[in-house]
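Structure assessment
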Amino acid sequence: MVSSPRKIVFSLPSLLPEAGQSPAADETRDGASPKTAPAPDAGEDARKLAMLVEVSQALTDTLNLPAGLYGVLEVLERRCGALRGAITLLDEASGMLVVEAALGYPKPQGRVRYRMGEGVTGTVAQSGTPAVVPRVSREPSFLHRAADRRQREGEITFICVPVVLDGGSVGTLAVEQRYVPGRDGDRTVHALRITAGMIAQALRIQRLVDAERRKLVEENTQLRQELRERYEFTHLIGNSGPMRRVFEEVGQVVGTTATVLIRGESGTGKELIAHALHQHSPRAGKPFVRVNCAALPETLVESELFGYERGAFTGAQARRKGRFELADTGTLFLDEVGELSPSTQAKLLRVIQEREFDRLGGGETIRVDVRLITATNKDLERGLADGSFREDLYYRLNVFSIWVPPLRERKSDILLLADHFVEKYARLHGRAIKRISTPAIDMLVSYHWPGNVRELENTIERAVLVAGGDVIHGHHLSPILQTAEASGTVVSGSLGEAVSAFESNLIQDALKTTQGNRARAARLLNSTERIINYKIRRYGIDPHRFRG
């Protein structure tokens, strides 16, 4: 770039002064007499500062970068007297400069593009050097791609500066002004370079936001996929007769929005089935909200389900949405629904019937579209008989019922479940467990599992943690599973011998307490002295050794 104290001249060969001709002579040839650039005054600095403030506001008032760029061009039009303006950014995929924002140009048929090094705009981006074309009509290399200025009246001055980010050009900022002989371009170029720097920082922020958004989208997609895979019906493990019946029932209601009541003991996997029903329903991807009715005090159930308004009660500092409102267009899973109080049952019935409710302390009626899935381990029929559960609510919830069998009724599934949990927790805890020994399998199958699948899962996780090698043995299992045979504590002898030994110990303890007094020992054991004397002779007990 060739520069003089008066203006900046575009550094392409076609724009350089001819040999032996100075920039001042070029300006004289254009019809202007050379003169010294005026020194900047306080008013000029104030106007430039005001312009930069407006540019900053245009870029920071929105998170939409194209909208911010249009705002910048409007500021330049108003503050710098720009007839037209354009901002190009580098498209990393194609390597071309694309006009992202333009003001004052005719609407093109498509997006205007420049190759790096092509024309004035491409050369500025490639070289990273600002350029000024004093009179566009006299510059043969000017492309006129955005608009044909040769058909317009009056001469145009074109000023273009690079947008530089991290040491490389990522675009350009260009404005067009009416040609004024003797105009000092230095001030305009300086202001545009500062503006281009602001654009570069806005672009940096936009790229960071886009990268973070892409990362969140990818994580969200991955989590949704993992959630769907986690609750695939293939993860409902079992091939026993009772589980095949469960699969048949699930297959009948899957893909619908029917209300489902899942029944079974605690730990049988009712919530897993509820999740799977949601993930394979038309509402998949919508909210799935779970409420454990047994874990909420009666005084909080209503506010949790229906929400409350500010000031509805002491401590209600702001409005809060209830679970029904949060689950709108999705699925609400009410676990342990049999624990609801009669008053809450009545309000729940209204919501199910009318699909509307009022927040606690509010007068506005809120309509919701919620699929309801409930679960309970209680005998609801007994609740109907004793009046603890509403009959009308029971029939509303029991549209389609699924019974999940306890683990003790599906013994053939225990080994499948155990292998699944071994693989899961070995991978989670970084252990190289390959199998379960035969004695350990026998212990797992012979146990009655009152805690069902949840207890089995916890037992296997503990075994994975304590196992030292690659095999889970019987002694790695919970002590509650240890049988007398497995622990080496099998009782030898008959039942009669065991009863006799217990009876002898009991009589000796009584004699010790009464210091050998047989009558008192008989009364202490709620027996007769004759029977006690008979037992003493039978077991060969010497009462005299217990006397003081």
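Scroll up to find the structure.
Since the structure is predicted, the reported quantities are computational estimates derived from the model, not experimental observations.

A few words on the sheet that holds strand β16 (residues 371-376). Sheet strands pair by backbone hydrogen bonding; their relative direction is either parallel or antiparallel. Across the sheet, which stays open at both edges, the 5 strands sit in the order β10-β13-β16-β9-β17 with parallel pairing between neighbours. On the outer flanks of this sheet lie β10 (288-292) and β17 (400-403), each paired with one strand and no other. Taken over all neighbouring pairs, the strand axes of this sheet differ in orientation by 15° on average, direction set aside. Looking at chain direction, strand β13 (residues 331-335) and β16 are connected through 4 bridges and run parallel. Among the inter-strand pairings, Leu 332 is bridged to a residue of β16, identified as Leu 372.

Quick look at the packing of helix α8 (residues 298-306) against helix α10 (residues 342-354) now. The N-to-C vectors of α8 and α10 enclose an angle of 15°; their axes lie 10 Å apart at closest approach. When the interaxial angle is binned, α8 and α10 end up roughly parallel. Classified by chirality, the crossing of α10 by α8 is left-handed. Contacts between α8 and α10 involve Glu 298, Val 301, Glu 302, Leu 305 and Phe 306 on the former and, on the latter, Ser 343, Thr 344, Lys 347, Leu 348 and Val 351.

Here the focus is the sheet that holds strand β4 (residues 96-103). Sheet architecture is open: 6 strands sit in the order β5-β4-β3-β8-β7-β6, paired in antiparallel fashion. Taken across any chain shown, the strands that pair with only one partner, and hence form the sheet edges, are β5 (113-115) and β6 (131-133). Averaged over all pairs of adjacent strands, the angle between strand axes in this sheet comes to 20°, irrespective of strand direction. Note that strand β7 (residues 156-165) and strand β8 (residues 168-178) share 10 bridges and pair antiparallel. By the bridge assignment, Val 161 is partnered in β8 with Leu 173.

Moving on: the nonpolar core. Counting residues in each nonpolar core, the largest one holds 31 residues, and the members touching the most others are Leu 59, Leu 69, Val 72, Leu 76, Leu 173, Leu 192 and Ile 199. Among the secondary structure elements, those contributing two or more residues to this core are α2 (42-60), α3 (65-79), β3 (84-91), β7, β8 and α5 (185-230). Among the elements that make up this core, the one with the highest residue count is α5 (8 residues). Discounting chain neighbours no more than four positions away, the residues touching Leu 69 are Leu 59, Ile 87, Leu 89, Glu 100, Ala 101 and Ile 199. Val 289, Val 368, Tyr 394 and Leu 397 belong to the second largest nonpolar core, which has 27 residues in total.

Looking now at the layout of surface pockets. Of the volumes computed, that of the second largest pocket is approximately 440 Å³. As for the second largest pocket, its lining consists of 29 residues, of which Ala 86, Val 99, Ala 102, Val 112 and Ala 146 are closest to the centre. For the lining of the second largest pocket, the element with the highest residue contribution is β4, accounting for 4 residues.

Attention shifts here to the environment of Ser 527. Structurally, Ser 527 is set in the loop between α18 (518-524) and α19 (529-539). On the basis of relative accessible area, Ser 527 is assigned to the partly exposed category, the value being 28%.

Enumeration over the complete set of coordinates arrives at 28 salt bridges. Between Glu 339 and Lys 378 there is a salt bridge whose closest N-O contact spans 3.6 Å. With Glu 339 in the loop between β13 and α10 and Lys 378 in the loop between β16 and α11 (380-386), this residue pair connects regions lying 39 residues apart in the sequence. A single salt-bridge network, built from bridges that share partners, covers Glu 309, Arg 319, Glu 325 and Arg 359.

The phi angle at Trp 449 is positive, at roughly 50°, despite the residue not being glycine. Summarising the element assignment, Trp 449 is placed in the loop between α14 (438-446) and α15 (452-466). The class for Trp 449 is buried, based on a relative accessible area of 0%. Within the chain, Gln 515 stands out as a residue other than glycine whose phi angle is a positive 55°. Summarising the element assignment, Gln 515 is placed in the loop between α17 (495-513) and α18. Of the residues examined, Gln 515 reaches a relative accessible area of 52% and is grouped as exposed.

Our next topic: the packing of helix α13 (residues 414-429) against α15. Remark: α13 packs on α15, axes separated minimally by 9 Å, with the N-to-C direction vectors making an angle of 45°. By the angle between their axes, α13 is oblique relative to α15. The handedness of the crossing between α13 and α15 comes out as right-handed. Packed against α13, whose contacting residues are Ile 414, Leu 417, Ala 418, Phe 421, Val 422, Lys 424, Tyr 425, Ala 426 and His 429, the element α15 presents Val 453, Leu 456, Glu 457, Ile 460, Glu 461, Val 464 and Leu 465 at the interface.

With burial as the criterion, each face of strand β9 (residues 260-263) is covered, one bearing Val 260 and Ile 262 and the other bearing Leu 261 and Arg 263. By the bridge criterion, 4 bridges tie β9 to β17 in an arrangement that is parallel. Its bridge partner being in β17, Val 260 is matched across the sheet by Phe 400.

A word on the packing of aromatic side chains. Within this structure, the stated rule accounts for 7 aromatic pairs. Between the aromatic rings of Phe 288 and Phe 333, the centroid separation amounts to 6.2 Å while the plane-to-plane angle is 25°, which identifies the pairing as stacked. Here Phe 288, found in strand β10, pairs with Phe 333, found in strand β13; they are 45 residues apart in sequence, far enough to count as distant. Residue classification places Phe 333 among the buried positions, given a relative accessible area of 0%. An angle of 85° between the planes, with centres 4.7 Å apart, marks the rings of Tyr 447 and Trp 449 as edge-to-face. By the ring-pair criterion, three or more aromatic residues cluster together here, those being Phe 306, Phe 324 and Phe 357.

About the thresholds
Residues numbered from 1 in each chain as written. Predicted model: local features only at pLDDT ≥ 70, side-chain atom pairs only at ≥ 80, totals over all residues. Heavy atoms only, no water. Pairing = 2+ DSSP bridges. Helix = DSSP H or I, 4+ residues; strand = E, 2+ residues; numbered from the N terminus. Axes fitted to C-alpha atoms, helices over the stretch in contact; angles between N-to-C directions. Parallel < 35°, antiparallel > 145°, perpendicular 65-115°, else oblique. Left-handed = near helix turned anticlockwise from the far one by under 90°. Contact = heavy atoms within 4.5 Å. Core = buried A, V, L, I, M, F, W, Y, C linked by side-chain atoms within 4.5 Å. Buried < 20%, exposed > 50% of the residue type's maximum accessible area, 1.4 Å probe, protein only. 1 Å grid on protein atoms, 1.4 Å probe; cavity = no way out; pocket = protein on both sides within 12 Å on 5 of 7 lines; lining within 4 Å. Points joined across faces, edges and corners; volume = space filled by probe spheres on them. Salt bridge = Lys/Arg side-chain N within 4 Å of Asp/Glu carboxyl O. Phe/Tyr/Trp six-rings, centres within 6.5 Å; stacked < 30°, edge-to-face > 60°.

None of the figures reported here should be taken as evidence of function without further support.
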